[in-house]
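Take a look at the letters that make up each chain.
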Amino acid sequence: MVVIQLLQQRPRFNETSLIPSKSPLRSRKCRSRINLLIAAQSLPSRTQRIMESIAVRGEVGGAGGAYSYSALKRLDQLWSSLCSAQTVLKKPQEVVSKIPGSFTEFGLRDESVVTFDVLVCGGTLGIFLATALTIKGLRVGVVERNILKGREQEWNISRKELLELVEAGILLEDDIEHATDVKFNPNRCGFEGKGEIWVEDILNLGVSPSKIIEIMKKRFNSLGGVIFESCSLSSICIYDDAAVLHLADGNILASRLVIDAMGNFSPVVKQAFPAGSGPLDRTTYMFTYVDPQSRCPRLEDLLEDYWDLMPNYQEVSLDNLEILRVVYGIFPTYRDSPLPAAFDRVLQFGDASGIQSPVSFGGFGSLTRHLGRLSNGIYEAINGDFLDSYHLSLLNPYMPNLSASWLFQRAMSAKQQSNVSPDFINELLWVNFQSMQRLGDPVLRPFLQDVIQFGPLVKTLGLVMITKPQIIPSIFKQVGFPVLVNWFGHFAMLGYYTFLSTFIGPTIRPLVNSLPKKMKYQWKRNLEAWYYGAGLDYRQ
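Residues numbered from 1 in each chain as written. Predicted model: local features only at pLDDT ≥ 70, side-chain atom pairs only at ≥ 80, totals over all residues. Heavy atoms only, no water.

Caption draft 1: Expanded view of the packing of aromatic side chains. With the rule as written, the count across this model stands at 18 aromatic pairs. Ring geometry for Phe386 versus Tyr521: centroids 5.1 Å apart, planes at 45°, classification tilted. Of this pair, Phe386 sits in the loop between helix 10 (363–384) and helix 11 (389–393) while Tyr521 is found in helix 19 (residues 517–533), placing the two residues 135 residues apart along the sequence. What makes Phe386 buried here is its relative accessible area of 8%. Between Phe408 and Phe447, the aromatic rings sit 5.8 Å apart at their centres with planes inclined by 90°, giving edge-to-face as the arrangement. (Phe/Tyr/Trp six-rings, centres within 6.5 Å; stacked < 30°, edge-to-face > 60°. Helix = DSSP H or I, 4+ residues; strand = E, 2+ residues; numbered from the N terminus. Buried < 20%, exposed > 50% of the residue type's maximum accessible area, 1.4 Å probe, protein only.)

Encoded structure:
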């Protein structure tokens, strides 16, 4: 994604266009071979020239927090390793280790070891959960390898999602106004050569990460929270009664529970599971969905495609733009997500848990939706000492609405050799959006905010099959029969969870408080899994 400043009149609305690249996986073998032979004389790419002409000011942590050309090259190396066949053979770094016995038995619990109820590793999104837990009276620390601050860009979100943070008690409505840099309506969903659909109040706020994280940071500190900045995690030792963090600077911290909020490339996950805007500014995005394979394009190659496609999309020449910032990232997603807890006393949170949508990668939106549920559940787990991997996994349960989203991601994934029309993805999106628009806001609006529900999904699929039955064979070709069979299982479970939450949940819920403490905890998590897994937490 690229932040650009138009040297023209101010745009009247923000645009989100779903226009896939015509050939995102075209071969570049010849050019790569020439570059290798005459590297000393080769000219820099257009991406390199553009990015090296931009002043880089203080890169930060989190996805999209780095935007220099050298950081792009480092991320490209990581992406190449993910696409390499040898990746699965490389043993990941062992960050978490289990040590039998009590922490106190080893004589390590002394005044030099600072102890907490919860330690959150990764502060960009982790500071929100840390603040929510501190409000509940827990002693919480945040470990951040950089200075804890948000990047100079925007998180696009809807006001109703931010109000979830107000409801959780960590944000005030006045804070929303302060942190919001841009407001716009309506939004356009455009489909090349097909048409467009306009929506109101969907992802229409541009929230400044730097402002909202600074608000959280001050609130967290005022509540007695402790932030360890510029501190890298070396290892986590799990004892019977504590989790002990060893930091790169030699400091040792202990806690009852560790929250892994270190994002998509968390070392814990690897082990367990082998631009500020002004009135003339406009932000545009290009997403490419791929399965990591040896012939996948580099990020720099995709940026070259972006420079080719963007002038037509924005209807302005590159020569008439001042490019302020180039932001890029890799967002790995998991078929089996959210990820369960793999260790006692360690729980994944945010992007590290894989709870974000595999289609939109909306980490901040996912956080606002699940923060109240997770903070309550973590508090109960600590109070009841339910900190083994089984009970922690109940906080990241199977959610069929999230798993069902995989079909949409697979349908939009670029293939190296495709046997469908180049216009298939654009046509499929247009047909689906047309159907949802005809069915009204109760169907369209949840989908646009990453919430899949059984009733709206059935209506949409039914209308697509009635109005455009000829697209069905292409869907089978694009995603494959085994994927559709697997998806149908999640679709059936989505209906089952909807039934359980709608008809069984209200009968069980009044009885839960009378259960023994451990059973009460388990049943509350089951009820939440049905409710959130069916998407019934969504409110208009």
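Caption draft 2: Representation of the packing of helix 14 (residues 424–439) against helix 15 (residues 441–448) within the structure. Put simply, helix 14 and helix 15 touch, their axes get as near as 6 Å, and they point 130° apart. Here helix 15 runs oblique to helix 14, going by the angle between their axes. Between helix 14 and helix 15, the residues in contact are Phe433, Met436, Gln437 and Leu439 and Val443, Leu444, Phe447 and Leu448, respectively. For the contact of helix 14 with helix 15, the residue count by class is seven nonpolar, one polar and no charged. (Axes fitted to C-alpha atoms, helices over the stretch in contact; angles between N-to-C directions. Parallel < 35°, antiparallel > 145°, perpendicular 65-115°, else oblique. Contact = heavy atoms within 4.5 Å. Nonpolar A, V, L, I, M, F, W, Y, C, P; charged D, E, K, R; others polar.)

Caption draft 3: Main features of the pattern of salt bridges. Inspection of the entire model under this criterion finds 23 salt bridges. Asp301 is the salt-bridge partner of Arg298, the closest N and O atoms lying 2.9 Å from each other. Three or more residues joined by partner-sharing salt bridges are found here, namely Arg159, Glu173, Glu177 and Lys183. (Salt bridge = Lys/Arg side-chain N within 4 Å of Asp/Glu carboxyl O.)

Caption draft 4: Region of interest: the nonpolar core. Core analysis: the largest hydrophobic core is formed by 48 residues, its most contacted members being Phe128, Ile212 and Phe364. If one sorts the elements of this core by residue count, helix 10 sits on top with seven residues. Residues within four places of Phe128 in sequence aside, it is in contact with Trp155, Leu165, Ile170, Ile212, Ile213, Met216, Phe364, Leu367 and Leu371. Core analysis: the second largest hydrophobic core is formed by 34 residues, Met412, Phe424, Leu428 and Val443 among them. (Core = buried A, V, L, I, M, F, W, Y, C linked by side-chain atoms within 4.5 Å.)

Caption draft 5: A look at the environment of Leu245. Along the chain, Leu245 turns up in strand 13 (residues 243–247). Judged by its relative accessible area of 0%, Leu245 falls in the buried class. Spatially, the C-alpha atom of Leu245 lies 7.6 Å from that of Ser234, the residues being eleven residues apart in sequence. In this view, Leu245 contacts Leu119, Cys121, Val143, Leu233, Ser235, Ile236, Asn251, Ile252, Leu253 and Val258; residues no more than four positions away in its chain are not counted.

Caption draft 6: Fine view of the environment of Leu394. Secondary-structure assignment places Leu394 in the loop between helix 11 and helix 12 (400–404). By relative accessible area, which is 15% here, Leu394 ends up buried. Considered as a pair, Leu394 and Lys524 are 130 residues apart in the sequence and their alpha carbons are 9.5 Å apart. If sequence neighbours within four positions are ignored, Leu394 has contacts with Tyr521, Gln522 and Arg525.

Caption draft 7: Expanded view of unusual backbone geometry. The step from Asn185 to Pro186 runs through a cis peptide bond, and the omega angle for that step is -5°. Along the chain, Pro186 turns up in the loop between strand 7 (180–183) and strand 8 (187–191). If you check the backbone angles, Asp201 has positive phi at about 60° while not being a glycine. Unusually for a residue other than glycine, Asp385 sits at a positive phi of about 60°. One can find Asp385 in the loop between helix 10 and helix 11.

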